[in-house]
Amino acid sequence: MTALLTDRSGRSGRGQVTLPLTAAQAGVWHAQSLDPLSPAQNTAEYLEIDGPLDPEVFAEALRRVTAETDALRVRVESGEAGPRQYLSAAVEPGPIVRDLRDAPRPDRRAEEWMRADLAEPFDLAAGPLFRHALLRVGEARWLWYVRVHHLLMDGFGHTLLARRTAEVYTALARGAVPGPRTFGSLADVVAEDAAYRSSGAFEADRAYWSETFGDRPDVPRLAGRGTPASRTFLRRTSQLDAPAAQGLRELAGRSRATWPDVLIAAQALYTSRATGRREVVLGLPMTGRPGSVPPRVPGLVMNVLPLRLTVRPERTFAELVGQVVRGVREVRRHQRYRYEDIRRDLRLLGEGRGLLGPLVNVVPFDYALDFAGAPVRAGNLSTGPVEDLTVNIYDRGDGRGLRVDHDGNPALYDAAGLAAHHERFLDLVERLIHADPYTPTAAQTVASQAELAVLTKEFDATDRALPPTTLIGPIEARAARTPGATALIQGRTALSYGELNTRANRLARHLRTLGARPGAVVAVAVPRSVDLVVSLLAVLKSGAAFLPLDPEDPEPRLATPLGDAGPVCAITDRAGRLPGTTGTPLVVLAGLDVSGHLWSDPARPLTPAHPAYVVRTSGSTGHPEWVVVSHRAVDNRLRWMQDAYGLTAEDRVLQRTPTPFDASLWELFWPLRQGAALVLADAEAHGGPAGLIREQAVTTCHFTPPTLRTFLAEAGPEPCPALRQVFCGGEAPPRETAAAFHRALPGVALHHLHGPAEAAVDVTYHAHGADGTGPVPDGRAVWNTRLYVLDEALQLCPPGVPGELYVAGHRLADGYLGRTGPTAERFVADPFGPPGGRMYRTGDRARRTADGEVVRVGRADDQDGSEGGRADDQGRPGDGRADDQAGPRGGRGEPGRAEAASGTGAGGS
């Protein structure tokens, strides 16, 4: 179109007015130009009119109001000078009239028609950029629907338009002359916008926003990421009934604020807890009408600005509301400065970064109007594009309470996720209404009451009554029942259960002469061998706890536990293996004759509460520690594993994991409790693990993700016919590794087990399917174990919301050996369990899935991780050798006596 010449008033020589766009309009125009066919910029509302209505009179009222409303007669074209808006002298509104009374469900049919129309994009250059419809859904019930492009109208403008239309219709229906036009001109709005942007106030506002957000904060988002607005959005709607709305107003009074301030504070609290961040930035739509002209002009003037808030659990809700009151006051003072300009000033546009989390759009506009006596109720269909999450709260002034809409970007939220945020927010608001605003916000959880019931009564319903046995008791019972069965295989060497039991009994009696007893510690530094298994069983039979050491470690690493843990003795395979400077009595197996000791099981005053083993942790306290685990805890773990994965006397279990890693425990002791054969990996075995698995007909084995990949490469296409189940410990294997496993070994089950060393080996389990997608979960809780994902206030996080992972139940370790401080810091009181219960703070960030599985999403502390193991204090990874199988469990600490593991004594849980 050729450019039109205009005079100073903006009126063209051909009866049209040509105006530049305001800053607000320019932002919308730019967004639309990026996707001309998108309907995202459509806004739409409808009024439900209960009473008789004359369609012809209504059409006349619309014609008059359209003539009075400059914005409704605008179309926009872009030329050499950029986009310009052209204001026509007249535009025929042409309302569509539909009689839907004969439809099976008139209201549903009307909604479907309106939503279909809302999905149609406008042509900015052709115009008109609005559409009216009058839908008859009953004998005396009508819906007036209006769709307007956001470049023309904001929510306040919709209100002005509706009020004026009702006024004109009422006058015409009663045979009266409507009152004079009350709207100001669009040209005046454009002029005022231009004047502001060249004023000192504009520069002052720029300085304010640049100072307030000069650090360019990383804004927390409920979806965990941002994305541009989609063409459509999802919506979840509920009604906060009249009593609740009244309660909200009373809460506002007690907090010395307004009810919108209270709802903004509630959203800040929800966002903080749901993202695990103390500082949140909410989007705050502002009318942008502080001057004298904009309040009288239907059009687009509103702005969305960032409100920065700090939420701390120890502070009260009233303090948070007060922070909102002060923050909103400051934002309102600088509300004319455009959000787009703030992002440009902070150089965020080029990075594609936003500065807003969820938007809180409180709409207290008065819709208390009527059409010649027929009352109306207003409904919103779209407020415009949704980039992330918008919470719209409407007070329609009809005494029916508040309508609450959650609009979500479908690229970030699905219907279930949006519904969860919606229901949790409303649940939180209801609880805040009935709570004392002067109590700390730590008392509030963002999980709904229904979610809390699922979290506490379903996800962690793992209680199982177990007999009071020890780790060693079932092994001795098995040896008594099947003494001739094969218990242990290494290369060409095989021991029966009877032979293994006899050798361990005689060594145990020798250890008793050196002070081995319940509560004492015996160190074991023996390479993987028959002697290693005999030694570990002997320590347990003596009643002592074993402390496994890596025999290949250099002397300084071996000297630390020997010097500090105070073991009554240390078992080693040969002289010179262990340093002799620590004063620890050494039991050197080479040349040791114990044949003079009795072969029978030694009596011992051993209980399930006594320590069973002491193992090095990964250093979750900041540096590695030695952790003490009771017989009750590890017995619980092995009984669960047998129930879940059932070994029989026909099974053969491969033992590969070095004993300093606690994953070795189930490999060593599980098969010996069930009458299966334990196959010790031989470093000289031909063909590596794959060859050994085939040669020895191994049915069950264990890998970490790196060694699982190595095994698959070594195995090649040759089958492992006896293999029926594989466990992957430490970090979860990637999806592609699991898929490769199922391709190579169809019919073999792959299970992921995970847990901190501060609990008995593993606390979660997950079965890998061949077609899994998404992040790999750690899984569900095992017997007598509770998993809590807690926010900063130690409140339970609902499914999908990340927090810190805590472990509670009978599987917990007693604490850190001789380290009461770190024990008290990491093993804390369990607020959800029985009196006196403890829970372990893992330092992992995690979330629960909808079906109760745990997915880790990072670390809550500053500790770096790596696949297969975190590095210890000497930079040595927990999975440093290809043969290591334990995952993130390696470390070095400052041991003491086993009885002094915690302030409450060994065995408590």
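Up top you'll find the structure we're talking about.
Before going into details, it helps to say that this report is about the structure given with it. (Residues numbered from 1 in each chain as written. Predicted model: local features only at pLDDT ≥ 70, side-chain atom pairs only at ≥ 80, totals over all residues. Heavy atoms only, no water.)

### Topic: the environment of Asp407
No. 1: Tracing the backbone shows Asp407 in strand E15 (residues 402–408).
No. 2: Distance in space between the C-alpha atoms of Asp407 and Pro385 is 9.5 Å, their sequence separation being 22 residues.
No. 3: In this structure Asp407 touches Phe233, Leu234, Arg235, Thr383, Val386, Asp388, Leu389, Thr390, Asn392 and Leu418, once residues within four positions along its chain are discounted.
No. 4: Side-chain polar atoms of Asp407 contact the side chain of Arg235, separated by 2.7 Å.
No. 5: Within the local environment of Asp407, its side chain forms a polar contact with the side chain of Asn392, the two groups lying 3.1 Å apart. (Helix = DSSP H or I, 4+ residues; strand = E, 2+ residues; numbered from the N terminus. Contact = heavy atoms within 4.5 Å. Polar contact = N/O pair within 3.5 Å; in protein donor to acceptor, adjacent residues only side chain to side chain.)

### Some details on the packing of helix H8 (residues 259–275) against helix H11 (residues 415–433)
No. 1: Two elements in contact, H8 and H11, have axes separated by 10 Å at closest approach and are oriented at 120°. On the basis of their axis angle, the class for H8 and H11 is oblique. Classified by chirality, the crossing of H11 by H8 is right-handed. Counted together, Leu263, Ala266, Gln267, Leu269 and Tyr270 of H8 and Ala420, His421, Arg424, Phe425, Leu428, Val429 and Leu432 of H11 form the full contact between these two elements.
No. 2: When grouped by side-chain class, the residues that make up the contact of H8 with H11 number nine nonpolar, two polar and one charged. (Axes fitted to C-alpha atoms, helices over the stretch in contact; angles between N-to-C directions. Parallel < 35°, antiparallel > 145°, perpendicular 65-115°, else oblique. Left-handed = near helix turned anticlockwise from the far one by under 90°. Nonpolar A, V, L, I, M, F, W, Y, C, P; charged D, E, K, R; others polar.)

### So, the layout of surface pockets
No. 1: Of the pockets and cavities examined, the second largest pocket occupies roughly 880 Å³.
No. 2: Together, 31 residues line the second largest pocket, and Leu222, Pro799, Gly800, Val801 and Arg847 are the ones closest to its centre.
No. 3: Among the elements of the structure, H8, H11, helix H12 (449–459) and strand E35 (838–848) are those that each provide at least two residues to the lining of the second largest pocket.
No. 4: Tallying contributions element by element places H11 first for the lining of the second largest pocket, with five residues.
No. 5: For the lining of the second largest pocket, a count of residues per class yields 15 nonpolar, six polar and ten charged. (1 Å grid on protein atoms, 1.4 Å probe; cavity = no way out; pocket = protein on both sides within 12 Å on 5 of 7 lines; lining within 4 Å. Points joined across faces, edges and corners; volume = space filled by probe spheres on them.)

### Here's the deal with the packing of H8 against helix H9 (residues 317–333)
No. 1: The contact between H8 and H9 brings their axes to 9 Å, and the two run at 115°. The pairing of H8 with H9 is recorded here as roughly perpendicular in orientation. Of the two possible hands of crossing, H8 and H9 adopt the one that is right-handed. Residues Asp261, Val262, Ile264, Ala265, Ala266 and Leu269 of H8 form the contact with H9, whose participating residues are Phe317, Leu320, Val321, Val324, Val325 and Val328.

### What about the nonpolar core?
No. 1: Counting 192 residues, the largest nonpolar core has Trp144, Phe371, Tyr613 and Phe669 as the members making the most contacts within it.
No. 2: If one sorts the elements of this core by residue count, H8 sits on top with ten residues.
No. 3: Leave out the neighbours within four places in its chain, and Phe669 touches Leu471, Ile475, Leu536, Leu537, Leu540, Phe546 and Leu638.
No. 4: Of all hydrophobic cores here, the second largest spans 24 residues; its members include Val679, Ile693, Phe711 and Ala738. (Core = buried A, V, L, I, M, F, W, Y, C linked by side-chain atoms within 4.5 Å. Buried < 20%, exposed > 50% of the residue type's maximum accessible area, 1.4 Å probe, protein only.)

### Structural notes on the pairing of strand E31 (residues 785–790)
No. 1: With six of six residues buried, E31 lies mostly within the body of the structure.
No. 2: Burial along E31 is two-sided: Thr785, Leu787 and Val789 and Arg786, Tyr788 and Leu790, pointing in opposite directions, are all buried.
No. 3: Pairing of E31 with strand E32 (residues 803–809) involves six bridges; the strand directions are antiparallel. In the sheet register, Arg786 faces E32, and the bridge partner there is Ala808. (Pairing = 2+ DSSP bridges.)

### Structural notes on the sheet that holds strand E1 (residues 17–20)
Backbone hydrogen bonds hold the strands of a sheet together, and the pairing may be parallel or antiparallel.
No. 1: Overall, antiparallel pairing links the three strands, which are arranged E1-E4-E3 in an open sheet. The outermost strands of the open sheet, each flanked by one partner alone, are E1 and strand E3 (74–79). Across this sheet, the average inter-strand angle for adjacent strands is 35°, counted without regard to direction.
No. 2: Across four bridges, the pairing between E1 and strand E4 (residues 82–87) is antiparallel. Bridge pairing in E4 places Thr18 opposite Tyr86.

### Here's the deal with H11
No. 1: Across its 19 residues, H11 extends 27 Å between first and last C-alpha, which sits within 8% of the 27 Å expected from 1.5 Å per residue.
No. 2: Burial analysis of H11 places 14 of its 19 residues in the buried class, the great majority of the element. (Expected span 1.5 Å × (residues − 1).)

### Concerning the pairing of E15
No. 1: Counted residue by residue, E15 has seven buried out of seven residues, so it is predominantly covered.
No. 2: Residue alternation in E15 divides its side chains into two sets, Leu402, Val404, His406 and Gly408 and Arg403, Asp405 and Asp407, and both sets are buried.
No. 3: Across seven bridges, the pairing between strand E8 (residues 234–240) and E15 is antiparallel. Bridge pairing links Arg236 to His406 in E15.
No. 4: Strand direction decides the pairing type here: strand E14 (residues 389–394) and E15, joined by six bridges, are antiparallel. Residue pairing across strands places Tyr394 opposite Arg403, the latter belonging to E15.

### Focus on the side chain of Arg478
No. 1: Secondary-structure assignment places Arg478 in helix H13 (residues 473–481).
No. 2: Despite its burial, Arg478 remains without a salt bridge, the nearest opposite charge being carried by Glu650 at 10 Å.
No. 3: When sequence neighbours within four positions are dropped, the list of residues in contact with Arg478 reads Tyr497, Leu672, Arg673, Gln674 and Gly675. (Lys, Arg positive; Asp, Glu negative; His and termini not counted. Salt bridge = Lys/Arg side-chain N within 4 Å of Asp/Glu carboxyl O.)

### Here we look at unusual backbone geometry
Among all residues save glycine, negative phi is the norm, and among peptide bonds the norm is trans.
No. 1: Here Gly127 and Pro128 are connected by a cis peptide whose omega angle stands at -10°.
No. 2: As for its placement among the helices and strands, Pro128 is situated in the loop between helix H3 (106–118) and strand E6 (130–138).
No. 3: Here Ala372, not a glycine, exhibits a phi torsion of approximately 55°, which is positive.
No. 4: Relative to the assigned elements, Ala372 resides in the loop between strand E12 (370–371) and strand E13 (374–382).
No. 5: Although it is not a glycine, Asn784 adopts a positive phi angle of roughly 55°.
No. 6: Within the secondary structure layout, Asn784 lies in the loop between strand E30 (780–781) and E31.
No. 7: Residue Asn784 is classed as buried on the basis of its relative accessible area of 5%.

### Comments concerning helix H2 (residues 55–68)
No. 1: For H2, with 14 residues, the first-to-last C-alpha span of 20 Å sits near the 20 Å given by 1.5 Å per residue.
No. 2: Of the positions making up H2, those classed as buried are Val57, Phe58, Ala59, Ala61, Leu62, Val65, Thr66 and Glu68.
No. 3: Residues of H2 that are buried in the fold lie against E6, strand E7 (141–149), helix H4 (155–173) and E12.
No. 4: Measuring from the side-chain oxygen of the N-cap residue of H2 to the backbone nitrogen of Glu56 gives 3.0 Å; that N-cap residue is Asp54.

### Thoughts on the state of the cysteines
No. 1: What the rule picks out here adds up to zero disulfides.
No. 2: Here Cys701 stays free of any disulfide, with the sulfur of Cys720 as its closest cysteine sulfur at 8.1 Å.
No. 3: Between Cys728, a cysteine without a disulfide, and Cys701, which holds the nearest cysteine sulfur, the sulfur-to-sulfur distance is 10 Å. (Disulfide = S-S within 2.5 Å.)

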